[in-house]
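Summary of structural features
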Amino acid sequence: MAGPVRDGGLQPLDRELNRECREFAETLRELFLELGISVRRYATRCYLNPGTLSRYLSGSRIAPWQFVEELLHHLDEDCGTRLEPSALDRLRRRHRAALRTAASIGRAVQQLEGQLQAADREARRAGAREEQLDQALDDTRQTIADLDARLVRLESRPLLPAPPAPTDRVPPPGRAEPSNFAEPPGLAEPSDHAERPGRDGPPASPDATAPPDRSTLLAERDALAREVDRLAEELARARDRAACAETRCDLFERQLALVEQQQGLADVREPAVRPLEEGLPPKVLLVDDRPDNLMVLEAVLGPHGHRLVRAESGPDALRALLEPDDFAVILLDVQMPGMDGYETAAHIKRRARTRDIPIIFVTAIGTDPDHSMRGYAAGAVDFIPKPVDPWALRAKVAVHVELHCERRRHATLPAPTRHLPAPAHAHPGAGTSAGAKVPKAGAPSAR
């Protein structure tokens, strides 16, 4: 083998590194220099971008443990260098300390806190709208009750006898009406221009002051009944939005707790799947049309015991879901040619056997309210932006896998002791969470 390359094209260490990250980066550089090849050549061997490898070796980005294991394998294969168990254990501890103190954890916490704040705002908005609709529904129903009482009174009112028809006095045949015949006082017909006592002008029409008849009241009641139906439907949608927002808040709080727990521990135990006694851990479906994006997801999630299934298109994802189920979560790219992520999610939610699998959209087009609402409407429970933060991604997947395992354990218990937790991947129409408002007695169901 040729003599060792002096520096292999290494970039200098990042000046802003903390002690833990610097110690790990220095150890990694020493191991790399023993290979005696350039950064570009080794990046090609590992199927990495040279810039990514340079960031690993300069300490500006913490290399995943899978890369460290691959480097140790190449050292053993090319140079016959094998670390002693104590040295390997020391390297692992340095790697964990670097991960614990790296800025990436801070970015993950900031990202999750932002998502929690957005979900909390949506929950409060939906809750306020729910209260407004609830009050409007009560007022409209009270108005209908008042109309019903008026209709009852109208129908129970007795009919008054018709006044006798006026009779004209006709003089007997052959006799003329006396010229001096005088009408009794008070019976004289008023002239067209005479004014009645107590009135200014001509008499008012009887219809102007008459109470509304039965047909008018019934028409008004029918219009109010249609308004009740509309308000009830909108109230149900508001309750669903509030329930889904509360569910997302619970998810983000669990994810934050997981990341912050790892940040504060001296000996970081990375989130891993705890296999069940009766079988393998659940599967995680990765859907992206770009193989390099799938490799990133596999590199982040692979070392933690997940069973990863890859699909490079929407139709591939639907075919993968035809296999025996037990998928805990789906990571779905939004921008894909042909069938995009939204359409793929809609197909997944239409199938009875897959509609309850939580979907996390992996997107580079942002998580602004418009995209978020469209994604939630398509059935997503969460978003993660590109470039993917490894800590946030691991926390999100670990929480969904743990919830899936909990439900699977509960499903194996005898029926009398079974107590299922509320699904963490509730979607519109899936019911309310513990934080949602309980409907009033007599109010329509949220379904």
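Above this text you will find the structure in question.
Residues numbered from 1 in each chain as written. Predicted model: local features only at pLDDT ≥ 70, side-chain atom pairs only at ≥ 80, totals over all residues. Heavy atoms only, no water.

Quick word on the packing of helix 9 (residues 291-301) against helix 13 (residues 390-411)
Let me state the cut-off plainly: Working convention: axes come from line fits to C-alpha atoms, limited for helices to the stretch in contact. Angles between N-to-C directions cover 0 to 180 degrees. By definition, any uninterrupted DSSP run of H or I lasting at least four residues is a helix, any uninterrupted run of E lasting at least two residues is a strand, and each is numbered from the N terminus. When an angle is under 35 degrees it counts as roughly parallel; over 145 it counts as roughly antiparallel; between 65 and 115 it counts as roughly perpendicular; any other value is oblique. The contact criterion used throughout is that any non-hydrogen atoms of two residues lie within 4.5 Å. Residues are grouped as follows: Ala, Val, Leu, Ile, Met, Phe, Trp, Tyr, Cys and Pro are nonpolar; Asp, Glu, Lys and Arg are charged; every other residue, Gly included, is polar.
At a closest axis distance of 10 Å, the pairing of helix 9 and helix 13 adopts a crossing angle of 70 degrees. Relative to helix 13, the element helix 9 lies roughly perpendicular. Touching Leu297, Val300 and Leu301 of helix 9 are Pro390, Leu393, Arg394 and Val397, all from helix 13. Across the contact of helix 9 with helix 13, the residue classes break down as six nonpolar, no polar and one charged.

Comments concerning the nonpolar core
Selection rule: Residues belong to a common nonpolar core when they are buried Ala, Val, Leu, Ile, Met, Phe, Trp, Tyr or Cys residues joined through side-chain atoms within 4.5 Å. For every residue, the accessible area (1.4 Å probe, protein chains only) is compared with the maximum for its type, and the residue is labelled buried under 20%, exposed over 50%, or partly exposed between those bounds.
Ranked by internal contacts, the top residues of the largest apolar core, which has 56 residues, are Leu28, Tyr42, Leu53, Phe67, Leu331, Leu393 and Val397. Per-element tally for this core: the top contributor is helix 13, with eight residues. Ignoring sequence-local partners within four residues, the contact set of Leu331 consists of Leu285, Leu286, Val287, Leu301, Ile360, Val362, Leu393 and Val397. One finds Ala311, Leu332, Met336 and Tyr376 within the second-largest nonpolar core, a separate group that totals 24 residues.

Concerning the sheet that holds strand 1 (residues 283-287)
Strand pairs in the sheet, formed through backbone hydrogen bonds, run parallel or antiparallel to each other. What counts is decided by this rule: Each pair of strands is called paired provided DSSP finds at least two bridges between the two strands.
Ordered in space as 2-1-3-4-5, the five strands form an open sheet in which the pairing is parallel. Looking at strand neighbours, the two that pair on one side only are strand 2 (307-311) and strand 5 (380-385), the edges of this open sheet. When the angles between neighbouring strand axes are averaged without regard to direction, this sheet yields 20 degrees. Summarising the sheet, strand 1 and strand 2 pair through five bridges and their orientation is parallel.

Structural notes on the pattern of salt bridges
As a reminder, the rule being used: We define a salt bridge as a side-chain nitrogen of Lys or Arg found within 4 Å of a carboxyl oxygen belonging to Asp or Glu.
Inspection of the entire model under this criterion finds 23 salt bridges. Here Lys386 ties to Asp288 by a salt bridge, and the two come within 3.3 Å at their closest N and O atoms. Linking Lys386 in the loop between strand 5 and helix 13 with Asp288 in the loop between strand 1 and helix 9, this pair joins segments that are 98 residues apart in sequence. Note on Lys386: relative accessible area 26%, which makes it partly exposed. In this structure Asp288 comes out as buried when scored by relative accessible area, which is 2%. The partner of Glu312 in a salt bridge is Arg310, with the nearest N and O atoms 3.6 Å apart. One continuous salt-bridge network, built from bridges that share partners, spans Arg129, Glu227, Arg230 and Glu234.

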